[in-house]
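Spelled out, the chains give:
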Amino acid sequence: MATIEECRAALDKLSDSMGGAEGDVRAAASMERSVSCHVTDLDVTFAGRLTGGRIEVRETHPGPPREKAQIRIAMTGDDLLGLVDGELHFARAWASGRVRLEAGLRDLFQLRKLL
């Protein structure tokens, strides 16, 4: 089982990857939105903003998200690590229910370029 520190490092790695993206992926990453990532098996939420092409985690707290972010994702810690490391395909994980993604329709269209 992944630790909170490993999950935070995975989010940092994802942020670094997004920051170095180009083209359509860069445009999608440049959205300005509030985000939350609930790691279900650890029952911890990372909350922050997608800004300037990066994810800025501003707080980590126990339990589900305290506020409804514009982009919300939930999964186990191991799935988060697998997604970021490229071992787990997002579309398959989402279709099987391993990953939950909630956002407005416009944001979902933009996010599909990232995922």
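For the structure, check the block above.
A brief report on the enclosed structure follows. Note that the structure is predicted; figures quoted are calculated from it, not measured. (Residues numbered from 1 in each chain as written. Predicted model: local features only at pLDDT ≥ 70, side-chain atom pairs only at ≥ 80, totals over all residues. Heavy atoms only, no water.)

For strand β2 (residues 44-51) and strand β3 (residues 54-62), the ladder comprises 8 bridges, and the chain directions are antiparallel. Considered in β3, the bridge of Ala 47 is made with Glu 59. Where β2 folds back onto β3 in an antiparallel hairpin, the turn is made up of 2 residues, including Gly 52, whose phi is positive at roughly 60 degrees. (Pairing = 2+ DSSP bridges. Helix = DSSP H or I, 4+ residues; strand = E, 2+ residues; numbered from the N terminus.)

Another point: the side chain of Asp 107. By the secondary structure assignment, Asp 107 is in helix α5 (residues 105-114). Looking at Asp 107, its side chain comes within polar contact range of the side chain of Arg 33, at 2.8 Å. With residues up to four places along the chain from it excluded, the contact list for Asp 107 reads Met 31, Arg 33, Gln 70 and Ile 71. (Polar contact = N/O pair within 3.5 Å; in protein donor to acceptor, adjacent residues only side chain to side chain. Contact = heavy atoms within 4.5 Å.)

This part is about the sheet that holds strand β4 (residues 71-75). Strands in a sheet are paired, the pairing made by backbone hydrogen bonds, and the direction either parallel or antiparallel. An order of β3-β2-β1-β4-β5 is seen for the 5 strands of this open sheet, with the pairing classed as mixed. The open sheet has two free edges, formed respectively by β3 and β5 (100-103), since each of these has just one partner strand. Across the sheet, the mean angle separating the axes of adjacent strands is 15 degrees when strand polarity is ignored. Sheet contacts for helix α3 (residues 77-85): β1 (33-39) and β4; angle to β4, the most-contacted strand, approximately 110 degrees. (Axes fitted to C-alpha atoms, helices over the stretch in contact; angles between N-to-C directions.)

This part is about unusual backbone geometry. Of note, the phi angle at Asp 43 is positive, near 50 degrees, even though the residue is not glycine. Here Asp 43 is to be found in the loop between β1 and β2.

Coordinates in, geometry out; function isn't part of it.
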